[in-house]
Amino acid sequence: MDVTAFAPETYTGELVASTALTHDILQVTVQLDRPVRYVAGQYANLWVPKIDRRRSYSFAQPPLRDGRDRVNFFVRKVPGGLFTEALFDDALAGERFEIEAPQGQFHIRQGEGPMLCIAGGSGLAPLLSLLEDARKNRVNRPCTFLFGARTQADLYCVDEIKAIAAGWPNKFDFVPVLSEGHDDRDWDGARGMVTEHLPAAGGIDLTGAQGYMCGPPPMIDAGIHALVELGVPLAEIHYDKFTDESHGETA
Ligand SMILES: Cc1cc2nc3c(=O)[nH]c(=O)nc-3n(C[C@H](O)[C@H](O)[C@H](O)COP(=O)(O)OP(=O)(O)OC[C@H]3O[C@@H](n4cnc5c(N)ncnc54)[C@H](O)[C@@H]3O)c2cc1C
């Protein structure tokens, strides 16, 4: 799907629900004044009058053909963050936002080789959207999906990921990886930095492989390095870095 298919438009949205996914990630539901059309993987810019700032959040659901008028975002609490601290303090309930969408170039590309996907924290949102959409569209390619979290308590939507894996028309390896789960004694899964586990994809033929990643900037940088080491060309590595104002840049 071509991301230029849908030109960005301005919508009005109201925060109608927020549900805890983990101790520091909320699923935020926004009711729009009319349906928005986007390509799986894209994001929205929210103008938040209360903090007088614009913030970017990726659509967490696959798109619908006629658009969605109720959209979900996964928002991670950033200590000291203007928007997320207000959201977690419940200071934005019923708040109206101005939303410019769709935005961004993160989407599935044509190809037949394996998809090597990495999500960290709230970076799961665009990958869930992209993979669920690909599953619905019967994209028949091997997929390795690494999901990085600090501890078991930071893993979420695992059942949704398993459902995608079960309905995927080709081989699908889901590898949750804990970076700090020292106390998770009952965890017999992968540990360490999520990007160190890319060689888990080594059992498959990487001809035509493409990388898809979303999450914190250091994870993306490590992921690019690891994918290039595996022989994936830079032009085939696609990502959204979840930068914030501490990076001196936002989308
Ligand atoms: C394309 C894109 C998609 C994104 N999608 C998501 C998503 O789906 N989910 C998600 O959770 N996040 C996402 N983000 C990040 C999101 O847009 C926000 O940046 C994030 O939620 C933090 O917002 P905030 O207002 O709470 O924090 P901010 O107010 O931006 O503060 C962030 C941190 O920077 C510090 N800080 C603020 N200003 C400065 C400064 N001038 N110098 C140094 N430090 C400073 C703050 O103390 C805080 O620790 C995305 C970002 C991009 C670019």
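Residues numbered from 1 in each chain as written. Predicted model: local features only at pLDDT ≥ 70, side-chain atom pairs only at ≥ 80, totals over all residues. Heavy atoms only, no water.

*Asks:* Would you take a moment to explain the overall build of the protein chain for this structure?
*Replies:* The helix and strand inventory of the protein chain stands at 4 helices and 12 strands. Taking 251 residues into account, the globule formula puts the C-alpha radius of gyration at 18 Å, and the protein chain, at 18 Å, falls close to it. Projected onto the principal axes, the alpha-carbon positions of the protein chain cover approximately 50 × 45 × 35 Å. Of all 251 residues assigned to the protein chain, the portion counted as buried reaches 50%. The long-range fraction of contacts in the protein chain, counting pairs at least 24 apart against all pairs at least 6 apart in sequence, stands at 72%. Accessible surface, the protein chain as shown: approximately 11700 Å² in total, 48% of it carbon and sulfur. (Helix = DSSP H or I, 4+ residues; strand = E, 2+ residues; numbered from the N terminus. Rg over C-alpha atoms; globule rule 2.2 N^0.38 Å. Buried < 20%, exposed > 50% of the residue type's maximum accessible area, 1.4 Å probe, protein only. Contact = heavy atoms within 4.5 Å. Areas by Shrake-Rupley, 256 points an atom, 1.4 Å probe, with all protein chains shown as cover.)

*Asks:* So what exactly am I meant to see when it comes to the pattern of salt bridges here?
*Replies:* Where charged atoms of side chains with opposite charge meet at close range, the side chains can pair. Here the structure, examined in full by the defined rule, presents 11 salt bridges. For arginine 55, the salt bridge identified is with glutamate 245, shortest N-O distance 3.1 Å. You can see arginine 55 sitting in strand S4 (residues 53–58) and its partner glutamate 245 sitting in the segment after strand S12 (237–241), a full 190 residues away along the chain. Among the residues examined, arginine 55 registers a relative accessible area of 13% and is labelled buried. Judged by relative accessible area, which is 43%, glutamate 245 ranks as partly exposed. Here arginine 150 and aspartate 154 are joined by a salt bridge, their closest N and O atoms 3.8 Å apart. The class of arginine 150 is partly exposed, set by a relative accessible area of 30%. (Salt bridge = Lys/Arg side-chain N within 4 Å of Asp/Glu carboxyl O.)

*Asks:* Please clarify how the domain arrangement of the protein chain should be interpreted in this entry.
*Replies:* Each domain of the protein chain was delimited in the assignment, giving domain 1 (3–103) and domain 2 (115–247). Put simply, the middle of domain 1 and the middle of domain 2, counted by C-alpha atoms, are 23 Å apart. The partner domain 2 presents 20 residues to the 21 residues of domain 1 that form the contact. Interface area, domain 1 with domain 2, both sides summed: about 1500 Å², of which 57% is carbon and sulfur. (Domains from an automatic or database assignment. Buried area = accessible area lost by both parts, 1.4 Å probe.)

*Asks:* I tried to follow helix H2 (residues 124–136) on my own but got confused; where do I start?
*Replies:* For the α-helix, the turn length of 3.6 residues means that residues three or four positions removed from each other point alike. An ideal rise of 1.5 Å per residue puts 18 Å on 13 residues; H2 measures up with 18 Å between its terminal C-alpha atoms. Across the 13 residues of H2, 10 count as buried, placing the element largely inside the fold. (Expected span 1.5 Å × (residues − 1).)

*Asks:* Would you explain the site of the ligand in this entry?
*Replies:* Around the ligand, a shell composed of 23 residues is seen, among which Arg55, Ser56, Tyr57, Phe74 and Thr84 lie nearest. A distance of 3.3 Å separates an oxygen atom of the ligand from a polar backbone atom of threonine 243. Taking glutamate 245, its main chain carries an N or O atom lying 3.3 Å from an oxygen atom of the ligand. For the ligand, the accessible surface in isolation is 980 Å², of which the surrounding protein chains cover 78%. Those elements that provide at least two residues to the shell around the ligand are S4, strand S5 (68–76) and helix H1 (82–88). The dominant element in the shell around the ligand, judged by the number of residues it contributes, is S4, at 4 residues. Taken together, the residues that form the shell around the ligand break down as 10 nonpolar, 8 polar and 5 charged. (Near = heavy atom within 4 Å. Polar contact = N/O pair within 3.5 Å; in protein donor to acceptor, adjacent residues only side chain to side chain. Nonpolar A, V, L, I, M, F, W, Y, C, P; charged D, E, K, R; others polar.)

*Asks:* What am I meant to see in the packing of H2 against helix H3 (residues 158–167) here?
*Replies:* Angle between the axes and distance between the axes: these two values describe a pair of packed helices. At a minimum axis distance of 10 Å, the contact between H2 and H3 shows a crossing angle of 25°. The orientation of H2 relative to H3 falls into the category roughly parallel. As H2 packs across H3, the resulting crossing turns out to be left-handed. Residues Leu124, Leu128, Leu131, Glu132 and Arg135 of H2 touch H3, and the partners they reach there are Glu160, Ile161, Ala163, Ile164 and Gly167. Its residues assigned to classes, the contact of H2 with H3 comprises 6 nonpolar, 1 polar and 3 charged. (Axes fitted to C-alpha atoms, helices over the stretch in contact; angles between N-to-C directions. Parallel < 35°, antiparallel > 145°, perpendicular 65-115°, else oblique. Left-handed = near helix turned anticlockwise from the far one by under 90°.)

*Asks:* Help me understand unusual backbone geometry, please; the structure alone is not making it clear to me.
*Replies:* Note: most peptide bonds trans; most residues except glycine with negative phi. Here the bond from alanine 101 into proline 102 is cis, since omega is 0°, no more than 30 degrees from zero. In this fold, proline 102 is placed in strand S6 (residues 96–103).

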